[in-house]
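Chain by chain, the residues:
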Amino acid sequence: MYIVPERAIADLMTRDAAFDAVEKVFAAMAAGDAYNFPVVREAIGHEDALYGFKGGFDRAGLSLGLKAGGYWPNNLEKRGLINHQSTVFLFDPDTGKVRAMVGGNLLTALRTAAASSVSIKHLAREDAKVIGMIGAGHQAKFQLRAALEQRDFDKVIGWNLHPEMLLNLEEVATEAGLPFEAVELDGMRAADVIISITSSFDAILKADQVSPGTHIACMGTDTKGKQEVDPQLLVRATVFTDEVAQSTSIGEAQHAVAQGLIGEADVAQLGAVINGAHPGRTSAEQITLFDGTGVGLQDLAVAASVVELAVKKGIAIEVDF
Ligand code: NAD
């Protein structure tokens, strides 16, 4: 088997490779060639940790495996380690033998950023100029960097509950040579594309704070109870997701569905747009919303891609197992 340690990922995995892997696996999911297994997530009663598994099988890309890991809230303070910890395990679908063990921390940020980026490519207006960020934490920087590659943006605007964190966004905007402006939520009406990536449990963005024609990627809501936008926004928008079952149970759509405002049939797979089976955006005034819940197949896709690169460059550690 191959081992690709966490420390090797930054030099191996590019945003382009993550984008390609995620776009392909979304397409495979919508074509019925790939499916996710039920997610396991447990409070283990030790170190306040949440631990779980996200797995799946992609018959088209021949990726089988799981990401194991979770959230250890005391890591940073007690041990100087990051709080989110994960590892991806890949198996040979022909034999069941373990094929690779891959550090999953950076890969998680890259595959999550790739998901919103794929949604922008397929759903945002071609002439989008202003990108609005809601959230300015660890993931937000990855999200913004990837999104800026999708359209010819000329300005970044941002809102965050903790305004001092907005410097994170300004840093990425400056890196890309773009002006950054901190705005109130009403100011999001100026955005053509909005990404929300927070740990919020209440709606932040109201339906009337989004202009016609906007594409919004809601990326923070990945657990029951979390919420970033007004459920009425999902009524106004055409809603897309990575996986419908997750979107309506743990994603942003959970609230609009629970309130009976929309049904499962109102949520389409982004992969269907990629495959040409769904028209996607059909007018310049339409609001499109991508509910990015994060699926195990995304992790397997980027891990498989990184193993291939590591083997090619001769830096994968080979272990007789
Ligand atoms: P972080 O701790 O670095 O940043 C958290 C962000 O949320 C900050 O901007 C903070 O100001 C904001 N925030 C915190 N509490 C808030 C509240 N009550 N209301 C509004 N904003 C609040 O976290 P991160 O690593 O950037 O992750 C952000 C979110 O993304 C988390 O909820 C995480 O679970 C989620 N996530 C989703 C996926 C996916 O695939 N969809 C993948 C990874 C992370």
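Residues numbered from 1 in each chain as written. Predicted model: local features only at pLDDT ≥ 70, side-chain atom pairs only at ≥ 80, totals over all residues. Heavy atoms only, no water.

## A few points about the overall build of the protein
Point 1. Scanning the protein from terminus to terminus reveals 11 helices and 18 strands.
Point 2. Scaling as 2.2 N^0.38, a compact globule of 321 residues should have a C-alpha radius of gyration of about 20 Å, and the protein matches this with 19 Å.
Point 3. If you line up the protein on its principal axes, its C-alpha atoms span 60 × 45 × 40 Å.
Point 4. With 321 residues in all, the protein has 55% of them scored as buried.
Point 5. Look at the contacts in the protein between residues 6 or more apart in sequence, and 70% of them connect residues 24 or more apart.
Point 6. Within the structure as shown, the protein displays about 14000 Å² of accessible surface, and the carbon and sulfur contribution to it stands at 54%.
Point 7. Within the protein, one finds 27 positive and 42 negative side-chain charges whose respective centroids are separated by 2 Å. (Helix = DSSP H or I, 4+ residues; strand = E, 2+ residues; numbered from the N terminus. Rg over C-alpha atoms; globule rule 2.2 N^0.38 Å. Buried < 20%, exposed > 50% of the residue type's maximum accessible area, 1.4 Å probe, protein only. Contact = heavy atoms within 4.5 Å. Areas by Shrake-Rupley, 256 points an atom, 1.4 Å probe, with all protein chains shown as cover. Lys, Arg positive; Asp, Glu negative; His and termini not counted. Charge placed at Lys NZ, Arg CZ, Asp CG, Glu CD.)

## Observations regarding the packing of aromatic side chains
Point 1. Enumeration according to the criterion identifies 4 aromatic pairs in this entry.
Point 2. Taken together, a centroid distance of 5.3 Å and an interplanar angle of 80° make the contact between Tyr-51 and Phe-53 edge-to-face.
Point 3. Classification of Tyr-51 by relative accessible area gives partly exposed; the value is 30%.
Point 4. A ring pair is formed by Tyr-51 and Trp-72, whose centres lie 6.1 Å apart and whose planes are at 70°; its orientation type is edge-to-face. Of this pair, Tyr-51 sits in strand 4 (residues 50–58) while Trp-72 is found in the loop between strand 5 (63–71) and helix 3 (75–79), placing the two residues 21 residues apart along the sequence. (Phe/Tyr/Trp six-rings, centres within 6.5 Å; stacked < 30°, edge-to-face > 60°.)

## Describing the site of the ligand
Point 1. Around the ligand, 23 residues are found, and the nearest of them are Arg-111, His-138, Asn-160, His-162 and Lys-226.
Point 2. Here an oxygen atom of the ligand sits 3.1 Å away from a polar atom, N or O, in the main chain of Ser-199.
Point 3. Side-chain polar atom of Lys-226 to an oxygen atom of the ligand: 2.7 Å apart, as the coordinates give it.
Point 4. Taken together, the elements giving at least two residues each to the shell around the ligand come down to helix 4 (105–123) and helix 5 (138–147).
Point 5. Each residue belonging to the shell around the ligand can be placed in one class, and the counts come to 6 nonpolar, 14 polar and 3 charged. (Near = heavy atom within 4 Å. Polar contact = N/O pair within 3.5 Å; in protein donor to acceptor, adjacent residues only side chain to side chain. Nonpolar A, V, L, I, M, F, W, Y, C, P; charged D, E, K, R; others polar.)

## Structural notes on the domain arrangement of the protein
Point 1. The assigned domain composition of the protein is domain 1 (2–108 + 297–318) and domain 2 (125–294).
Point 2. Spacing between the C-alpha centres of domain 1 and domain 2 amounts to 24 Å.
Point 3. Listed by partner, the interface residues are 13 residues for domain 1 and 17 residues for domain 2.
Point 4. With both chains or domains summed, domain 1 and domain 2 bury close to 1300 Å², and 55% of this area falls on carbon and sulfur atoms.
Point 5. Three residues stand out in domain 1 for area buried against domain 2, namely Arg-15, Phe-26 and Ala-30, and they jointly supply 37% of the buried area on that side.
Point 6. Linking domain 1 to domain 2 there are 1 salt bridge.
Point 7. Counting the contacts that link domain 1 with domain 2 gives 4 residue pairs in polar contact (both at pLDDT 80 or more). (Domains from an automatic or database assignment. Buried area = accessible area lost by both parts, 1.4 Å probe. Salt bridge = Lys/Arg side-chain N within 4 Å of Asp/Glu carboxyl O.)

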